[in-house]
Each structure stands twice: as structure tokens, then as C-alpha cells.
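So the chains spell out like this:
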Amino acid sequence: HETTITRSIGSDGTEDSDSSAEREQTNSSESDGNIPKRQRLTRASTRLSQSSQDLKRAADHDESPPLTPTGNAPSSESELDISSPNASHDESTAKDQANRDSDKDLSHRPKRRRCHETYNFNMKCPTPGCNSLGHLTGKHERHFAVSGCPLYHNLSADECKTPTLKQSRYKEQVSEMRKGRNSGLQKEQKEKHMEHRQTHSNTREPLLENITSEYDLELFRKAQARASEDLEKLRIQGQITEGSNMIKTILFGRYELDTWYHSPYPEEYARLGRLYVCEFCLKYMKSQTILRRHMAKCVWKHPPGDEVYRKGGISVFEVDGKKNKIYCQNLCLLAKLFLDHKTLYYDVEPFLFYVMTEADNTGCHLVGYFSKEKNSFLNYNVSCILTMPQYMRQGFGKMLIDFSYLLSKVEEKVGSPERPLSDLGLISYRSYWKEVLLRYMCNFQGKEISIKEISQETAVNPVDIVSTLQSLQMLKYWKGKHLVLKRQDLIDEWKAKEIKRGHSNKTIDPSSLKWTPPKGT
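Residues numbered from 1 in each chain as written. Predicted model: local features only at pLDDT ≥ 70, side-chain atom pairs only at ≥ 80, totals over all residues. Heavy atoms only, no water.

1. Quick look at the overall build of the chain
Put simply, the rule is: Here a helix means four or more residues in a row that DSSP labels H or I, a strand means two or more in a row labelled E, and each is numbered from the N terminus. Type-normalised accessible area, obtained with a 1.4 Å probe on protein chains alone, sets the label of each residue: buried when under 20%, exposed when over 50%, and partly exposed for intermediate values. We call two residues in contact whenever any of their non-hydrogen atoms come within 4.5 Å of each other.
A count of helical and extended segments in the chain gives 15 helices and 13 strands. Across the 521 residues of the chain, 34% fall into the buried class. Sequence separation of 24 or more characterises 54% of the internal contacts of the chain that already satisfy a separation of 6 or more.

Rendered as C-alpha cells:
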């Protein structure tokens with residue numbers, strides 16, 4: 001009766017130490033001629049008998065059959081038999097070779113995977129009472145969102161794996177309907193489609209008949225109608241305007257900026273959702289690859305036009321809308337992404353643009369700008385003003401406003417910003433007017449003060465001065481006259497802020513301005 005020697009395998013997949021010790025002792029005993037072969041086999045038989053008893057005890061506690069070194073259950077009871085002590089030396093050699101082969105099989109045995117390695121079990125389905133098992137499509141073992149939760153859709157995981165009778169019938173019905181799909185357009189139909197495309201270009205929807213089945217075309221029409229109805233409801237409620245929220249973000253230099261409002265970029269760019277803009281020439285592109293190629297050959301490192309102001313790393317360039325039309329149009333389109341009331345986009349020729357930049361070793365980076373009419377009958381010194389979002393709350397907005405009034409002083413005019421102002425613009429201007437008036441009051445040594453004198457010295461419009469004095473409660477009406485009160489508490493508060501702020505480079509130095517008013521203004 002031929003028998004097979006097996007080794008005891010622990011629960012963790014490792015071989016029993018007695019069996020390995022037996023092989024080592026057998027190998028060493030072969031080299032020693034003084035020990036009889038019968039004694040060696042007797043010792044081996046004793047150890048194998050103990051191993052078989054351990055396996056039998058484990059089998060009594062566990063109903064599942066014991067595993068062989070390859071991980072499979074034994075095919076017959078004879079595999080667990082113990083070799084006889086009278087076996088020959090050839091048989092023991094064959095058994096040792098079998099043990100070595102089984103060791104190789106065990107070393108190459110793959111580890112069991114308990115779970116799918118791509119699942120993140122820290123995530124859970126938000127539906128109360130759901131264990132995240134199953135998926136609405138029936139194609140996945142787990143889900144982590146309400147959209148794929150069977151319990152949320154009043155189903156079980158098993159119901160999602162096996163389609164219902166109604167679903168099967170509907171699938172067969174759809175397949176039957178789609179059998180009538182045309183294989184292709186006829187020659188006359190192709191000519192009709194091409195003629196329609198050449199006549200209407202992108203202003204009309206392409207002809208969709210005979211392209212797919214009638215069933216699919218009807219589904220598409222229903223989806224179109226439903227989407228347009230939802231958009232109309234949102235538009236009536238005032239939640240969206242035409243084309244709004246199409247460009248979500250722009251990549252501008254080393255910044256990725258979230259947009260605030262809709263800007264009338266060309267439709268092929270606006271529908272992308274993300275725009276790539278060169279921070280020097282303001283050209284807009286569709287992809288980062290195009291932007292990278294453009295930056296490799298773009299020769300611009302600062303705005304076009306004349307540099308009229310420089311102090312430290314801050315510069316201001318005067319750009320004529322007539323001479324640099326494309327740049328100014330791109331600047332207006334960029335500004336509209338962050339301004340609500342801006343209406344000027346393409347008619348830039350009657351305007352001058354004053355672009356503020358911050359310089360480093362790579363070039364002059366756009367900080368903000370303001371535009372003004374070349375000939376303003378209402379003496380507006382600012383038509384539109386913007387500080388880029390990445391430079392907000394750093395004092396650059398106040399610098400732009402101060403620079404606009406500095407130009408008005410050089411022109412010997414009284415200026416005022418064009419209305420309506422945006423929310424952030426109104427806050428910035430009120431803060432600037434308050435600071436100008438408190439500085440004037442602090443330095444004023446006379447007994448009588450005139451709003452006209454304040455206006456002539458600061459170039460601020462008298463209407464803006466009066467509205468600021470009223471907001472500060474420094475203008476009173478008494479006995480038929482308007483009196484300006486010098487509130488020392490506000491002046492002391494302003495002084496304390498100036499001392500705390502210290503010497504800042506976020507101020508305009510009139511001596512650094514190199515500019516003469518353009519002719520005809």
C-alpha cells in the first residue's frame with residue numbers, strides 16, 4: 001500500500017515545526033553512517049503519527065477538511081495515512097523529494113485578498129441604515145453616494161443585480177425599436193444635410209432625422225424640452241442670466257481664479273468652463289498646452305503703452321484704447337468676470353487705460369487697472385476700476401483710486417467716479433474719501449472751513465465730500481446754515497491707525513509721476 005507523507009499546516013499558512021525539524025534531522029542523518037536506517041524511519045514515523053493526531057483533532061473541531069500544502073482539501077482518506085517503519089530507503093527518498101516540491105508550491109502560493117484594494121472603507125453611504133453594500137447598477141459591490149444606493153431607491157442589493165421582469169420587457173422593447181435604425185444616410189440626404197450646414201453654419205441645429213432611430217431621437221427631443229423648461233424657471237426666478245456661470249475658473253499666471261460674473265467671451269471659449277489667459281498680453285486660450293506653447297514664444301513682459309509711474313516694484317502704464325485695441329478689449333473681458341455692472345467690452349477707442357503692475361524677475365504682473373474717458377463732459381476721472389482678486393485687501397485698490405485723483409490734480413480738475421459703482425468699489429471709495437477728509441481736518445489750522453476749498457485741494461467732487469461728511473456725522477444744519485464739525489475722536493482714531501500701519505509702500509508718490517495730460521482733454 002503506497003502512502004503519501006503530508007505536513008501539518010497551521011491556521012496562518014505556515015508549516016509545522018516538527019515536520020521541518022524532521023527533514024533537517026533526516027538530511028543530517030544521511031551523512032552519518034553510524035545510525036541505522038530502521039532507527040531513522042522509526043523516529044520519523046513517531047513524529048508523523050503525532051502530526052496526524054493533531055490534524056485529526058483539528059478535524060473534530062472543524063467540519064471543513066484539513067488543507068494540504070497546496071491549499072486544497074485531500075481527495076481521499078489515504079492521503080493522511082502514516083508510512084510504515086519497514087519502508088525502503090528509496091521510498092523515503094521519494095517522500096523527501098515530494099516534500100521539497102510541496103515547499104516550492106507553498107512559497108509561490110498567492111496571498112488571499114479579503115477586500116478590493118481600491119475601496120476606501122472609511123467612506124460610508126450617507127443614507128441612514130445603509131451598510132454601503134451593493135450598487136444601483138448591479139455592477140459594483142459597494143457604493144458611497146446616494147445616487148448609487150439601492151436602499152435610497154427602495155430596492156435591495158440583490159434586486160439591483162437581477163433585473164425585474166418589467167425591466168427585462170422594457171429592454172427587449174427598446175432593442176426591438178432600435179432595430180429599425182438606419183445604417184447610414186442616402187446620397188440625397190447627405191446633400192441635404194451639407195446644404196443646411198453651409199446655409200446656417202452654427203446658427204441652427206444640424207438636421208437630426210435619419211441619423212438614429214426614431215425612438216432615440218424622441219428621447220433626445222424630450223430631454224431638450226425638459227432642460228429648456230428648467231432653465232426658463234431659473235431665469236424667471238432671477239437665479240441665472242443668459243450665458244451665466246459658464247466660465248467657472250481661469251488660469252492666470254501662477255493663480256487659478258474663480259470667476260464671479262458672466263463675461264461675453266466667444267461661445268467656443270465660454271462653454272469650456274475653464275479659460276487659460278496669458279498674464280502679459282491677456283490672450284485667452286482653450287487648453288494649458290496651447291498656453292504653454294504661447295508663453296514660450298510670447299515676447300510681452302509688461303502692458304503696451306507708456307510707463308507713467310514707477311516706484312519700487314509698482315508701475316503704472318497708460319494704454320490708449322485706439323492704439324492697442326486688442327489688448328484693451330481682452331482687459332475688459334477679463335474685468336467683466338469680476339464686475340457686475342460693467343457694460344464696456346469692445347468699444348475701447350474713446351478710453352485711456354491705466355494698468356498697475358508689480359514687477360519681479362519674470363515680468364510685470366497685472367495688479368489692477370482703471371479706465372477713463374479721453375473727453376468726459378461730466379469730469380469723470382474713472383469709468384471702470386478693478387483690482388485682481390489675488391491682490392485684493394492689500395491696499396492696491398486705494399492706490400488706484402489715489403492715482404486717479406492725482407491725475408485730476410495735474411489736470412487741475414475735480415473728479416468723480418462714474419456711477420453706478422459696484423459693491424466693492426463703493427466700499428473702497430467711501431474708505432478713501434473718509435481718509436482724505438480726516439487727513440485734511442487733521443492738518444487744517446483755520447477757524448472756518450469751506451467744502452469748495454476741500455474740493456480744490458483734494459480734487460474730490462463736492463457731492464462726494466458732502467455725502468462722506470454726512471456718513472461721518474460731521475455735517476450739521478443749525479440756524480439756517482450748514483456747519484462742518486471737527487470730530488476729534490474720529491481724527492484720533494485715524495491717527496492711531498496710521499501709526500499702527502507704519503510706513504507702507506502702498507501709497508502713491510506724486511514725485512514719481514512722469515505724465516502730462518493728453519491733448520484735447
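2. Notes on the sheet that holds strand S8 (residues 363–373)
Test applied: At least two bridges found by DSSP between two strands are what make those strands a pair. Only the stretch in contact is used when a helix axis is fitted, and all axes are lines through C-alpha atoms; the angle between N-to-C directions ranges over 0 to 180 degrees.
Read from one edge to the other, the open sheet built from 5 strands follows the order S5-S6-S7-S8-S10, with strand pairing classed as antiparallel. In this open sheet, the two strands that pair with only one neighbour each are strand S5 (306–311) and strand S10 (384–387). Across this sheet, the average inter-strand angle for adjacent strands is 20°, counted without regard to direction. Sheet topology note: the S5/strand S6 (residues 314–320) ladder contains 5 bridges and is antiparallel. Note on S6: the bridge partner recorded for Glu 307 is Phe 317. Lying on the sheet, helix H11 (residues 396–411) is in contact with S5, S6, strand S7 (351–360), S8 and S10; it crosses S8 at an angle near 50°.

3. Examining helix H15 (residues 488–501)
The test is simple: By this rule the span expected of a helix is its residue count minus one, scaled by 1.5 Å. The directions considered for the arc run from the helix axis to the C-beta atoms.
Relative to the 20 Å expected for 14 residues at 1.5 Å per residue, H15 spans 20 Å between its end C-alpha atoms, a close match to the ideal helical length. Within H15, burial applies to Leu 490, Ile 491 and Trp 494. Buried residues of H15, viewed axially, fall in a sector of 100°; they line one side. Turned more than 90 degrees off the buried face of H15, the exposed positions are Ile 499 and Lys 500. Residues of H15 that are buried in the fold lie against helix H12 (423–443). Following H15 by one or two positions, Gly 502 has its phi on the positive side, about 70°.

4. Digging into the nonpolar core
What counts is decided by this rule: As used here, the term nonpolar core means buried Ala, Val, Leu, Ile, Met, Phe, Trp, Tyr and Cys residues forming a set that is joined through side-chain atoms within 4.5 Å.
Counting residues in hydrophobic clusters, the biggest one holds 79 residues, and the most contacted among them are Leu 334 and Phe 403. Sorting elements by how many residues they give to this core places H12 first, with 9 residues. Those residues in contact with Phe 403 that lie beyond four places of it in its chain are Val 308, Tyr 309, Val 316, Tyr 354, Phe 370, Ile 508 and Leu 513.

5. Re the packing of aromatic side chains
Convention followed: When the centres of two rings from Phe, Tyr and Trp lie within 6.5 Å, Trp using its six-membered ring, the rings pair. Their planes under 30 degrees apart give stacked, over 60 give edge-to-face, and anything left gives tilted.
On inspection of all chains with the given rule, the structure shows 13 aromatic pairs. A centroid spacing of 5.0 Å and a plane angle of 90° characterise the contact between Tyr 269 and Tyr 284, whose relative ring orientation is edge-to-face. Pair noted here: Tyr 269 is in helix H8 (residues 267–270) and Tyr 284 is in strand S4 (residues 284–285), with a separation of 15 residues, a long-range link. For Tyr 284, a relative accessible area of 17% translates into the label buried. Taken together, the aromatic side chains of Tyr 309, Tyr 354, Phe 370 and Phe 403 make up a single cluster linked through ring pairs.

6. Considerations on the UniProt feature "active site" (unreviewed entry) in the chain
Threshold: UniProt positions are given in the numbering used here, feature names are shortened, and annotations may be inferred rather than shown by experiment.
As recorded in UniProt, the feature "active site" (unreviewed entry) lies at Glu 418. As for its placement among the helices and strands, Glu 418 is situated in the loop between strand S11 (416–417) and H12. When its relative accessible area of 29% is taken as the criterion, Glu 418 is described as partly exposed.

7. What about the pattern of salt bridges?
Applicable threshold: We count a salt bridge whenever a side-chain nitrogen from Lys or Arg sits within 4 Å of a carboxyl oxygen from Asp or Glu.
All chains considered together, the criterion is met by 13 salt bridges. With a shortest N-O distance of 2.9 Å, Arg 221 and Glu 205 are connected by a salt bridge. Pair noted here: Arg 221 is in helix H7 (residues 214–236) and Glu 205 is in the loop between helix H6 (187–200) and H7, with a separation of 16 residues, a long-range link. A salt bridge links Arg 487 to Asp 489, with the nearest nitrogen and oxygen atoms 3.0 Å apart. Residue class for Arg 487 comes out partly exposed when judged on its relative accessible area of 24%. If you follow the salt bridges from partner to partner, you end up with Lys 398, Glu 435 and Arg 439 in one network.

8. Some points on helix H13 (residues 451–458)
Heads up, the rule is: A 3.5 Å cut-off defines polar contacts: any pair of N or O atoms within that distance qualifies, except that in protein one atom must be a possible hydrogen donor and the other a possible acceptor, and neighbouring residues in sequence count only when both atoms are side-chain atoms.
Within H13, the full set of buried residues consists of Ile 454, Ser 455 and Thr 458. One side of H13 holds all its buried residues, which, seen down the axis, span an arc of 100°. Exposed and oriented more than 90 degrees from the buried face of H13 are Lys 452, Gln 456 and Glu 457. Against H11, H12 and helix H14 (462–471) lie the buried residues of H13. Where H13 begins, the side chain of Ser 450 points an oxygen toward the backbone nitrogen of Lys 452, at a separation of 3.2 Å. Just past H13, the residue Ala 459 takes up positive phi, approximately 65°.

9. Regarding the environment of Lys 342
Examined against the element boundaries, Lys 342 turns out to sit in the loop between helix H10 (325–336) and S7. Residues Lys 342 and Ser 263 lie 79 residues apart in sequence; the distance between their C-alpha atoms is 9.5 Å. In this structure Lys 342 touches Cys 332, Ala 335, Lys 336, Tyr 369 and Cys 384, once residues within four positions along its chain are discounted.

10. Here's the deal with the packing of H12 against H13
The cut-off we apply is this: Note on angle classes: values under 35 degrees are labelled roughly parallel, values over 145 roughly antiparallel, values of 65 to 115 roughly perpendicular, and the remainder oblique. By definition, turning the near helix anticlockwise from the far helix through less than a right angle yields a left-handed crossing, and turning it clockwise yields a right-handed one.
Where H12 contacts H13, the two axes come as close as 11 Å, and the packing angle between them is 110°. By the angle class used here, H12 and H13 are roughly perpendicular. Considering the relative orientation of H12 and H13, their crossing is right-handed. Across the interface between the two elements, Val 436, Leu 437 and Tyr 440 from H12 touch Glu 453, Ile 454, Glu 457 and Thr 458 from H13.

11. Regarding the sheet that holds strand S2 (residues 255–258)
The strand order S2-S1-S3-S4 describes an open sheet built from 4 strands, whose pairing is mixed. Across the chains shown, the open sheet's two edge strands, defined by having one partner strand only, are S2 and S4. The pairing of strand S1 (residues 249–252) with S2 spans 4 bridges and is classified as antiparallel. Paired with Ile 250 across the two strands is Leu 257, which belongs to S2.

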